[in-house]
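Structure at a glance
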Amino acid sequence: MLTKVKKVSPEEVLSNPKILKEAVELLRRGEIVAFPTETVYGLGANALDDKAILKVFEIKGRPSDNPLIVHLHSKNVIEQYAYITNEVEKHIIEKLTPGPLTIILKKKENISKYATAGLETVGIRIPYHPIAEKLIEIANVPVAAPSANISGKPSPNDAQSVIEDLSGKIPYIIDGGRTHIGIESTVVKVNELEDKYLVMILRPGFITKEDIEELFQEVETKKPVEVAYKEELEGKPLSPGMKYKHYSPKAHVIVVSNISKDFDNFAPQFKDKKCGILGRPNFVKELKTKLEVLSFNPQNIITLEWCKDDIIECARNLFFAYRYFDRENVDAIFVEKLNETGIEYAIMNRVKKSATYFI
Ligand code: TXA
Ligand code: MG
């Protein structure tokens, strides 16, 4: 199959939405279209069309028990596809969407059962990106879209990464440039208990536990609201996707919490290999010096500064860096361990899932 790549800027789409005509027609015909969102690129298909959804699973090599997120252009249409059953769900939707958040709701019948992997619930997301928004609005169908990578690989932050994974397998890619946030949406599910509401964060993301807590300090609810990271319940993953190995570049990922004696003992096994370093400027400098002291060949070391000054850039650059190191055929990537609060928690969640060693 020939894959057409169409370069489009958000500004062009806003002034001339017709530019999306070809992509819209493909979606409406049950075809698959990759498109940018503010988090990562998505692999879109009509969520009402069983056949289109099955194609997505096949193209991605995705296990059939891992449900897809359904993307809508506006919060006003959620109730066509899902039930909003309590005030906390309502507030989350009102205040945190559109944006990098997916809320798990009770599904309505019309959404393909394959999209939700047979579950009674559906993940709903309203992306904050003009191209995604207009595409879904004009297509006038809910768009199921997993990240547009082959299962197991890092999510794509640009069209080049989608092309690497899916060229020849899908008819159309909308190239809208680098994504702004870089890691996938926060996935939340609300449990109404007798004495409280429990907001469970099934997948951490750019919208943090602290953000959601703050929101419920401002709005009144009948019962208190507790927010908790909760990937598992009684040993079973709440979000089927979280049990699979994820985000992995070809290289070994080595998480470095401190450049100590342990590091000196561990690192020499990679001495003759091509190595990457991903960290904030001080870490990069320190680790490069250390590897040189341990007699690594400086020509075999590629460094990337994870961010200049704002930690948010670390989210934006993580998968992009992994893919860059893959193109450079790096064998091992030394990644700086960040703190585990706020956005850094979400970044480290991805790093850990991709890692082979922790030093
Ligand atoms: O930012 C994002 O969320 C991107 C863009 C394209 O929107 N999409 C994305 O999709 O990351 P995907 O398929 O790579 O990840 C979806 C995650 C998986 O962990 C899946 O198990 C979980 O959401 N999920 C989807 N529906 C669910 C449901 N009904 N119950 C629990 N978890 C669900
Ligand atoms: Mg994914």
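Up top is the structure these notes are about.
Anyway, here's the lowdown on the structure attached to this text. This structure is a prediction, so every number in the text was calculated from the model and none was measured. Numbering of residues starts from 1 in every chain and runs along the sequence as written. Note on labels: chains are lettered from A, ligands numbered from 1, in written order. Where totals are concerned, whole chains, interfaces and linings use all residues; where local detail is concerned, this predicted model gives features only for residues with pLDDT of at least 70, and gives and counts side-chain atom pairs only at 80 or more. With hydrogens and water stripped out, all remaining heavy atoms of the structure feed into the side-chain values.

**Looking at the overall build of the protein chain**
Selection rule: The helix count covers DSSP runs of H or I at least four residues long, the strand count covers runs of E at least two residues long, and both are numbered beginning at the N terminus. C-alpha atoms define the radius of gyration, and 2.2 Å times the number of residues to the power 0.38 defines the globule rule. Type-normalised accessible area, obtained with a 1.4 Å probe on protein chains alone, sets the label of each residue: buried when under 20%, exposed when over 50%, and partly exposed for intermediate values. What makes two residues a contact is simply this: any of their non-hydrogen atoms within 4.5 Å. As used throughout, the charge tally considers Lys and Arg to be positive and Asp and Glu to be negative, leaving His and the chain termini uncounted. Positions of charges follow a simple convention, taking NZ of Lys, CZ of Arg, CG of Asp or CD of Glu.
Broken down by element type, the protein chain carries 11 helices and 19 strands. Relative to the compact-globule value of 21 Å for 359 residues, the protein chain shows a C-alpha radius of gyration of 21 Å, a close match. The dimensions of the protein chain, computed from C-alpha atoms along their principal axes, are 60 × 55 × 35 Å. Here the protein chain holds 359 residues, and 55% of them are scored as buried. Residue pairs at least 24 apart in sequence account for 74% of intrachain contacts in the protein chain once pairs closer than 6 positions are excluded. For the protein chain, the distance from the average position of its 50 positive side-chain charges to the average position of its 51 negative side-chain charges is 5 Å.

**Quick word on the pairing of strand β7 (residues 121-125)**
Counted only if it meets this: Each pair of strands is called paired provided DSSP finds at least two bridges between the two strands.
The element β7 is extensively covered by neighbouring structure, given that 4 of its 5 residues are classed as buried. In this sheet, β7 lies alongside strand β4 (residues 69-71) in parallel orientation, the contact comprising 3 bridges. Bridging from a neighbouring strand, I69 pairs with G123 of β7. Taken together, the 5 bridges between strand β6 (residues 101-107) and β7 define a ladder with antiparallel strand orientation. Paired with K106 across the two strands is T121, which belongs to β7.

**Overview of the nonpolar core**
Defined as follows: The criterion is simple. A nonpolar core is a set of buried Ala, Val, Leu, Ile, Met, Phe, Trp, Tyr and Cys residues joined through side-chain atoms within 4.5 Å.
Counting 48 residues, the largest nonpolar core has L43, I92, I124 and I212 as the members making the most contacts within it. Of all the elements, helix α3 (residues 50-60) adds the most residues to this core, at 5 residues. Apart from residues no more than four positions distant in its own chain, I212 is found in contact with L96, V188, V199, I201, I207 and V227. Core analysis: the second largest hydrophobic core is formed by 28 residues, W306, C314, F325 and V330 among them.

**Structural notes on helix α9 (residues 281-293)**
Note the following rule: The span one expects for a helix is its residue count, reduced by one, times 1.5 Å. Relevant arc is that of directions from the helix axis to the C-beta atoms, nothing else.
Taking 1.5 Å of rise per residue, the 13 residues of α9 would be expected to cover 18 Å, and the 19 Å separating its terminal C-alpha atoms lies within 8% of that figure. Of the positions making up α9, those classed as buried are F283, V284, L287 and L291. The arc enclosing the buried residues of α9, seen along the axis, measures out at 95°, which places them on a common side. Opposite the buried face of α9, at more than 90 degrees from it, the exposed residues are N282, K285 and V293. Elements in contact with the buried residues of α9: β15 (252-256), α8 (261-266), β16 (275-279), β17 (301-305) and β18 (332-336). S295 sits one or two positions beyond α9 and adopts a positive phi of about 65°.

**Some words on the environment of S15**
Of note, S15 is situated in helix α1 (residues 10-15). When the C-alpha atoms of S15 and F358 are compared, they prove to be 49 Å apart, with 343 residues separating the residues in sequence.

**Digging into the side chain of S112**
For S112, the position within the fold is in the loop between β6 and β7. The exposure class of S112 is buried, given its relative accessible area of 3%. Once residues within four sequence positions are removed from consideration, S112 is found in contact with A47, L48, D50, I53 and K107.

**Some details on the sheet that holds β15**
We apply this condition: Note on geometry: axes are C-alpha line fits, over the in-contact stretch for helices, and angles between N-to-C directions span 0 to 180 degrees.
An order of β17-β16-β18-β15-β19 is seen for the 5 strands of this open sheet, with the pairing classed as parallel. Each end of this open sheet is capped by a strand with a single partner; those strands are β17 and β19 (357-358). Pairing analysis gives 4 bridges linking β16 to β18, with the strands arranged parallel. Its bridge partner being in β18, L278 is matched across the sheet by V335. Strand contacts of α9: β15, β16, β17 and β18, with the helix running at about 150° to β16, the strand carrying the most contacts. Contacts between helix α11 (residues 342-354) and the sheet are confined to β15, β18 and β19, with β15 contributing the most and set at about 130° to the helix.

Note that all results are geometric; they support no functional claim without further evidence.
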